[in-house]
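# Structural overview for review
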Amino acid sequence: MNKAQLLAAMESLGMRPGRGLGQNFLLDGNLLEWIVRNSGAEPGDRVLEVGPGFGALTEKLLQHGVRLTAIEFDHRLAEYQRRRFAAEPNFTLVESDACKVDYDRLFPPGTTYRAVANLPYAISSVFIARMLAALNPPRSMFFMLQREMAERLAAVPGTKAYGALSVRTQLIYEVAVVKIVLPQVFCPPPEVESALAAFTLRPTPLCDPDTADVTAWLVKLLFSQRRKQLGKLLGNIIGREAAAAALADAGFSPELRPDKLAVAEFVALTRAVMPFLERE
C-alpha cells in the first residue's frame, strides 16, 4: 500500500489518523519486509499483531506464512480488515482494546507465539506491561516503538534511560534496539523518531515467581528516588539496621544508587530484603 492508496482508503472510511490512538501508518515496503525477515517469525508460527491499521504489515506477515491474530480497537479499521483479509484462512481478528485483552485466554499456557507490531505509541508502555505480566508471554516480540521508549527498555545500568521499566522488562526478556526509523516512512509522520526493538524471552526468568511481585515493587520504589543511596532508601522501608544487614548480605555498598544495579542484582537485593519485610 502506497500513500495514495492509504489516503484513498482513509477517505472511503471517512477518517483521519487519530493522534489519541497513535495512528501513524507505516508504508515503506522495503522496511516492512525487513521487519518480517528480522522478527524471528517463521512460516507456521502463531503471531500476535496489535494495531494492524490498514494491514500493511499484516499482509507481509500473512505472505510469510504465519498464523496471525490481530487486535484492532478502531471499529472502522476492524471492518476494513475483515473485508480485506476475508479470504485469508490464517487471519483472525479480535476487535478490542489491546490493553484489556486476556492474552492468557487467547494464547493459553503451552501455546507458543510471537508478537510483531507497529505498536501504537499511545499504548506501548501499558501493552508491554500486559505482556510482561502474562502467564504465557510471547516467545519473542519485535516492535516499532517511539525511540525514547525503545531505548528505555533496552537501557543498561548507569545510563539516564535506565529505570524501573528497563529492569522489569529485562527480568523476562533480553532487549536490543536493532534499527532507528525516521518519521518520513510513516503517514502521517510522527513528531518523534522511532526504533525497532527486539525482545527475546529468557529460557528462565531472572526472577522466580515467589519473588517477582516483591522485586517489581522494590524496583519501582527505589527508582522513584533514583538519586538517593540504597542505605537511606532501604532504611526508610525496613529500618537502618535491617537495611545495613540486607545490603551486607547482598554484597552492596550502602552508598550505591539504584541506577547502578544490574537487573540480576535487583533480584539478589530483593532476596536479601524479603526476610525483613516478612517480620513487619
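Now for a description of the structure that goes with this document. (Residues numbered from 1 in each chain as written. Predicted model: local features only at pLDDT ≥ 70, side-chain atom pairs only at ≥ 80, totals over all residues. Heavy atoms only, no water.)

### Notes on the pattern of salt bridges
Working definition: two side chains of opposite charge can pair if their charged atoms are close together. If you walk through the whole model with that rule in mind, you get 13 salt bridges. The partner of glutamate 79 in a salt bridge is arginine 82, with the nearest N and O atoms 3.4 Å apart. Note that glutamate 79 and arginine 82 are positioned in helix α4 (residues 75–84) at a spacing of three residues, about one turn of the helix. By relative accessible area, which is 36% here, glutamate 79 ends up partly exposed. (Salt bridge = Lys/Arg side-chain N within 4 Å of Asp/Glu carboxyl O. Helix = DSSP H or I, 4+ residues; strand = E, 2+ residues; numbered from the N terminus. Buried < 20%, exposed > 50% of the residue type's maximum accessible area, 1.4 Å probe, protein only.)

### Examining the sheet that holds strand β9 (residues 194–201)
In spatial order, the strands read β4-β3-β2-β5-β6-β9-β7; together these seven strands make up an open sheet with mixed pairing. Each end of this open sheet is capped by a strand with a single partner; those strands are β4 (91–95) and β7 (173–181). Shown here is a sheet whose adjacent strand axes are inclined to one another by a mean of 20°, direction ignored. Examined bridge by bridge, β7 and β9 share eight bridges and lie antiparallel to one another. Following the sheet pairing, alanine 176 is matched in β9 by alanine 198. This element, helix α2 (residues 29–38), spans β5 (114–118), β6 (140–146), β7 and β9 of the sheet and lies at about 150° to β6. Strands in contact with helix α6 (residues 124–133) are β2 (46–50), β6, β7 and β9; relative to β6, the strand with the most contacts, it is inclined by about 165°. (Pairing = 2+ DSSP bridges. Axes fitted to C-alpha atoms, helices over the stretch in contact; angles between N-to-C directions. Contact = heavy atoms within 4.5 Å.)

### A look at the nonpolar core
In this structure, Leu48, Phe127, Phe143, Leu145, Phe199 and Leu269 are the most contacted members of the largest nonpolar core, which totals 56 residues. Looking at which element gives the most residues to this core, the answer is helix α12 (residues 263–278), with seven residues. Aside from chain neighbours lying at most four places away, what touches leucine 48 is Thr69, Ile71, Tyr103, Phe107, Tyr113, Arg114, Ala115, Val116, Phe127 and Met131. With 27 residues, the next largest nonpolar core counts Leu32, Ile35, Leu61 and Val116 among its residues. (Core = buried A, V, L, I, M, F, W, Y, C linked by side-chain atoms within 4.5 Å.)

### Notes on the side chain of asparagine 118
Among the structural elements, asparagine 118 can be located in strand β5. Those residues in contact with asparagine 118, other than ones at most four positions away along the chain, are Asn24, Leu26, Val50, Gly51, Leu57, Met144 and Phe186.

So yeah, pure geometry; function would need other evidence.
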